[in-house]
Structure formats: structure tokens, C-alpha cells
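Letter by letter, the chains look like this.
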Amino acid sequence: MTPSATGLLAVIDMQRVFADPDSPWATPRFPEAAAGVRRLLSAYGDRVAFTRFLAPAEPDGAWQAYYEQWPFARQPPDAQLWQLTDEFTPHARHVVDATTFGKWTPELARHLGPEKRLVLAGVSTDCCVLSTALAAADAGVEVLVAADACAGADDDSHAKALQIMDLYRPLIRVTTVAELLGEAG
């Protein structure tokens, strides 16, 4: 399929730490989100950026208490838990790392095209996707969230996060993979 969708597809944190059912940060519907991401990849071609959440070398401020709660996560950037899952590694030509929930960073912004449109997919809807969407919208970017290519800590948290983001219309619009692919043509 020839890339035909507009904007940048940011695939948020499709990492082993969220995919592994034995991980304390397992996202139960990770496989469903991954299926949605797979459907979007060919429509965006080279206009895809993957993000990774990483622990900081030295947590600062409120992050200190956070990592006291989650000491298993204090691992270096090359640790297995931070790697993208095997299915996405071959597609990850552009990878943006951040030690924050929000992935709207200057590096991600540089990948954005002139239409200033960001499509979000990935995990977790109620944390990193939400944080990224709000920051990008504040920067004046049109944000579309592919609800069925995202997954939350649980179904209720996923639904609540989508409802919150949809309150930000027209800056943020919750949509579906089918709608995005239909737009693409």
C-alpha cells in the first residue's frame, strides 16, 4: 500500500514492559492495540515515529517517589524491558526516547509535517497517550487519537482517558483506525 494518510503517526511506548503479562506495568489489551497499530503502519509509510518511556539515570523531584514505588523500572535504556516488542522493531526507523509520560518533545515535533497533524496510537491511553495528546494540542497541533489502536491500564481507565481527550475538541479528536484509513483513501 502506498502511504496516503496525512500527518505523523506517533506510536507510543509499544515496549516489552507493557506487553509482558508478567510485568508490573502490563497493559492487558496490548495485543488489541498492537493490531490497530499494525493496520496503520502502511498508511503512514515513513511518517511514523515510535516512542519509548525510559527511566532517568537519577530521578528528580516527584519522580523520586514514583521510582520508589516502581524500583524494578530503574534500569538503563538498553535493558530488555525498555525495548520495543519484536514485531515493531523492524518498523522503528524513527525512535524518540523520553523519561517523561508525555512524548511531545522537540525531537517528536521535528518529525511533524507542515500540516501539523499528529495521530496517536499505543499505550497507555490513560498515561503516556493522554500526556502526549494534551501537550501537542497546547502546542497548536491537530491531534487524532486512534481509540482502537490504544490500550489503557484497564478498560475503564482507557474509556475515561478517551472521554477526557474528546472534551478537548477540536484540538483533540478521538477516532478509529477504520476512520483514519477511510480518510487515507
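Above this text you will find the structure in question.
Residues numbered from 1 in each chain as written. Predicted model: local features only at pLDDT ≥ 70, side-chain atom pairs only at ≥ 80, totals over all residues. Heavy atoms only, no water.

### Describing the overall build of the chain
The condition is simple: Secondary structure elements follow DSSP: runs of H or I no shorter than four residues count as helices, runs of E no shorter than two count as strands, and numbering proceeds from the N terminus. Working definition: with a 1.4 Å probe on protein chains only, accessible area under 20% of the residue-type maximum means buried, over 50% means exposed, and in between means partly exposed.
A tally of helices and strands in the chain yields seven helices and six strands. Along its sequence from the N terminus, the chain presents helices and strands in the succession β-α-α-β-α-β-α-β-α-β-α-β-α. Overall size of the chain, expressed as C-alpha extent along the three principal axes, is 45 × 35 × 30 Å. Among the 185 residues that make up the chain, the fraction classed as buried is 48%.

### Topic: the pattern of salt bridges
Stated formally: For this analysis, a salt bridge means a side-chain nitrogen from Lys or Arg found within 4 Å of a carboxyl oxygen belonging to Asp or Glu.
Applying the stated rule across the entire model yields ten salt bridges. Between Arg16 and Asp86 there is a salt bridge, with the nearest N and O atoms lying 2.6 Å from each other. Residue Arg16 is found in helix α1 (residues 16-19), and its partner Asp86 is found in the loop between α3 (62-69) and β3 (95-98); the two are separated by 70 residues along the sequence. By relative accessible area, Asp86 is classed as exposed at 55%. A salt bridge links Asp97 to Arg52, with the nearest nitrogen and oxygen atoms 2.7 Å apart. Here Asp97 is found in strand β3, whereas its partner Arg52 is found in strand β2 (residues 48-53), with 45 residues between them in sequence. Several salt bridges converge on common partners, so that one network encompasses Arg29, Glu32 and Asp155.

### What to know about the state of the cysteines
Here a disulfide denotes a covalent bond joining the sulfur atom of one cysteine to the sulfur atom of another. Convention followed: Any cysteine sulfur atom paired with another within 2.5 Å is treated as part of a disulfide.
Scanning the entire structure with this criterion turns up zero disulfides. Cys128 provides the cysteine sulfur closest to Cys127, a residue in no disulfide bond, and the two sulfurs are 4.0 Å apart. Overall, Cys128 belongs to the buried group, its relative accessible area being 4%.

### Here's the deal with the side chain of Thr51
Heads up, the rule is: By the criterion applied in these results, polar contacts are pairs of N or O atoms within 3.5 Å in which, for protein atoms, one can donate a hydrogen and the other can accept it, and in which residues neighboring in sequence qualify only through two side-chain atoms. Residue contacts are counted whenever heavy atoms from the two residues lie within 4.5 Å of one another.
In this structure, Thr51 sits in strand β2. Residue classification places Thr51 among the buried residues on the basis of a relative accessible area of 0%. Here Asp13 takes part through its side chain, which lies 2.8 Å from a polar atom of the side chain of Thr51. Not counting the four nearest positions on each side in its chain, Thr51 is found in contact with Val11, Ile12, Asp13, Met14, Gln15, Leu84, Val96 and Lys103.

### A few points about unusual backbone geometry
Omega for the bond connecting Val123 with Ser124 falls within 30 degrees of zero, at -15°, which places this linkage in the cis form. Topologically, Ser124 is positioned in the loop between β4 (117-123) and α5 (125-138). With a phi close to 55°, Asp13 is a non-glycine residue in the positive phi region. Its place among the elements puts Asp13 in the loop between β1 (8-12) and α1.

### Some thoughts on the pairing of β3
Note the following rule: Note on pairing: DSSP must find at least two bridges between two strands before they are called paired.
Of the two faces of β3, only one is covered, namely that formed by Val96 and Ala98; the face formed by Val95 and Asp97 stays uncovered. Sheet topology places β2 next to β3; four bridges connect them, and they run parallel. If you follow Thr51 over to β3, its bridge partner there is Val96.

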